[in-house]
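Fold and contact review
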Amino acid sequence: PKLMNKRQKMEAGGKSNRASSLLDFMLLVGKLKDLKRTGWVQCQVQLPESVADHMYRMSMFGLVVAGNCKQTFDRERVIKMALVHDLAEALAGDIVPTHISGVSEIDKAQMEEKALDQICGTLDHAELGAEIKGLWLEYEKHETNEAKLVKDFDKLEMLIQAYEYEKQQHISLQSFFDHVKAKHEFFNPEMSGLMEELLNRRSYLVATTPMRHLPRIAAAANTTNTGTIATSSGGSDNTAAIFGEDEPEPAEAQLARKLLGNCSEEAVGSLPKSDHEALAKYSSSLEDDIFITVQIVKGRKSTACADCSFFGW
């Protein structure tokens, strides 16, 4: 099934309704099942988890921890927040920290909020969309106890996954442990205890298992099957393809990268009709031919667009 924007529905004689909007929303959510987490891809992890995998175990943390620890939390809110905290990545992609991606925190926040607004906008239920947006914003601000707990889940789940990869594939993922140690102070005592237990087990693993140290490869924020073109640091060849590793990049994709790599919004909007047609042909080859994300990152300026109407089609 293909996602349709309002114009397409009108042209097809269709009528937006609850079932249609819910299906569109679920199709977007489903993209998280195919979106591989960028950090693992860059570190050459074999069969890396998806964003949805990460969010699932975080939600299980909420179920078993939030209602069974000394601190009092709204468990339902914690689980909901864990479920939506990375929802924007369905369109914005999984953007790694600034020191790796070159994307500033401000730019990342703006791209993700714009993506989330579009995702919530597919729902034919304003109150539900507002609830999802509110939970996402609460997590991003990490001021409430629930948001701080979910942030603990986010970091600990990542390190548990890193430990599992080290154990299974014998590759060192020390940088992930170093980053959390330097950037995150655990809020919840139970999470601190779990972290200590994890580090103890990992210390034994590292002491008894030879580890390979693989270089981090250059990879864009978005990986395969997301229907996304992503360019970073000025937009050159550091592009996430929607094609398999062994598939050649179509001419339309090459044109899209050439045209979008260093263009501003105004420049893209004023492209000749022939170029619009070529890009439209390219977008129609995507899994969903109307929702595509274009990220143009140059210095501190960035734009994120997830609707082809941006191009005037």
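Residues numbered from 1 in each chain as written. Predicted model: local features only at pLDDT ≥ 70, side-chain atom pairs only at ≥ 80, totals over all residues. Heavy atoms only, no water.

1. Concerning unusual backbone geometry
Residues other than glycine seldom take positive phi values, yet His 142 does so here, at roughly 35°. As for its position among the elements, His 142 is in the loop between α9 (126-141) and α10 (145-169). You will see that His 170, though not glycine, has its phi angle at about 55°, which is positive. Exposure remark for His 170: the relative accessible area of 37% places this residue in the partly exposed category. (Helix = DSSP H or I, 4+ residues; strand = E, 2+ residues; numbered from the N terminus. Buried < 20%, exposed > 50% of the residue type's maximum accessible area, 1.4 Å probe, protein only.)

2. Let's talk about helix α5 (residues 75-84)
Listed in full, the buried residues belonging to α5 are Val 78, Met 81, Ala 82 and Val 84. Buried positions along α5 lie against α4 (51-65), α9 and α10. (Contact = heavy atoms within 4.5 Å.)

3. So, the packing of α10 against helix α12 (residues 189-208)
The contact between α10 and α12 brings their axes to 11 Å, and the two run at 15°. Relative to α12, the element α10 is oriented roughly parallel. You can see that α10 and α12 cross each other, and the crossing is left-handed. For the pair α10 and α12, the contacting residues are Leu 149, Asp 152, Phe 153, Leu 156, Leu 159, Ile 160, Tyr 163, Glu 166 and Lys 167 in the first and Met 191, Leu 194, Met 195, Leu 198, Arg 201, Arg 202 and Leu 205 in the second. Of the residues belonging to the contact of α10 with α12, the class tally is eleven nonpolar, no polar and five charged. (Axes fitted to C-alpha atoms, helices over the stretch in contact; angles between N-to-C directions. Parallel < 35°, antiparallel > 145°, perpendicular 65-115°, else oblique. Left-handed = near helix turned anticlockwise from the far one by under 90°. Nonpolar A, V, L, I, M, F, W, Y, C, P; charged D, E, K, R; others polar.)

4. A word on the pattern of salt bridges
Per the counting criterion, the structure on display carries eleven salt bridges. The partner of Glu 76 in a salt bridge is Lys 80, with the nearest N and O atoms 3.2 Å apart. You can see Glu 76 and its partner Lys 80 sitting in helix α5, four residues apart, about one turn around the helix. For Glu 76, a relative accessible area of 53% translates into the label exposed. A salt bridge links Glu 138 to Arg 77, with the nearest nitrogen and oxygen atoms 2.6 Å apart. Taken together, the residues Glu 138 in helix α9 and Arg 77 in helix α5 connect sequence positions 61 residues apart. Accessibility expressed as a relative area gives 12% for Glu 138, which makes it buried. The class for Arg 77 is partly exposed, based on a relative accessible area of 31%. (Salt bridge = Lys/Arg side-chain N within 4 Å of Asp/Glu carboxyl O.)

5. Regarding the nonpolar core
By size, the foremost hydrophobic cluster in this structure holds 54 residues, and its most contacted members are Trp 40, Ile 132, Phe 153, Leu 159, Leu 173 and Met 191. Apart from the residues within four sequence positions on either side, Ile 132 is in contact with Phe 25, Val 84, Leu 87, Leu 116, Cys 120 and Leu 123. (Core = buried A, V, L, I, M, F, W, Y, C linked by side-chain atoms within 4.5 Å.)

6. With respect to the confidence of the model for the protein
Mean pLDDT over the protein: 77, with 65% of residues reaching 70 or higher. Here residues 261-269 scores under 50 on pLDDT; set against residues more than four positions off or in separate chains, the count is 18 contacts. Taken as a whole, residues 282-313 scores under 50 in pLDDT and shows 113 contacts with residues more than four places along the chain or in a different chain. (pLDDT = per-residue confidence, 0-100.)

7. Focus: the packing of aromatic side chains
Evaluation of the coordinates by the stated rule reveals four aromatic pairs. Centre to centre, the rings of Phe 61 and Phe 153 are 5.3 Å apart; their planes meet at 15°, and the pair counts as stacked. Taken as a pair, Phe 61 in helix α4 and Phe 153 in helix α10 lie far apart in primary sequence, 92 residues in all. A single burial state applies to Phe 61 and to Phe 153, both of which are buried. For the pair Phe 73 and Phe 187, a centre-to-centre distance of 6.4 Å together with 75° between the ring planes defines the contact as edge-to-face. Here Phe 73 is found in the loop between α4 and α5, whereas its partner Phe 187 is found in the loop between α11 (174-183) and α12, with 114 residues between them in sequence. An aromatic cluster of three or more residues is present, and its members are Trp 40, Tyr 165 and Phe 176. (Phe/Tyr/Trp six-rings, centres within 6.5 Å; stacked < 30°, edge-to-face > 60°.)

8. Here we look at the packing of α4 against α5
Between two packed helices, the angle of one axis relative to the other and the distance separating the axes together describe the packing. Two numbers describe how α4 lies on α5: the axes approach to 8 Å, and their chain directions differ by 175°. By the angle class used here, α4 and α5 are roughly antiparallel. The segment α4 lies against α5, with Met 55, Met 58, Ser 59, Gly 62 and Leu 63 engaging Arg 75, Val 78, Ile 79, Ala 82, Leu 83 and Val 84. Taken together, the residues that form the contact of α4 with α5 break down as eight nonpolar, two polar and one charged.

9. With respect to the side chain of Glu 112
Within the secondary structure layout, Glu 112 lies in helix α8 (residues 105-121). When sequence neighbours within four positions are dropped, the list of residues in contact with Glu 112 reads Ala 88, Glu 89, Ala 92, Trp 136 and Glu 140.

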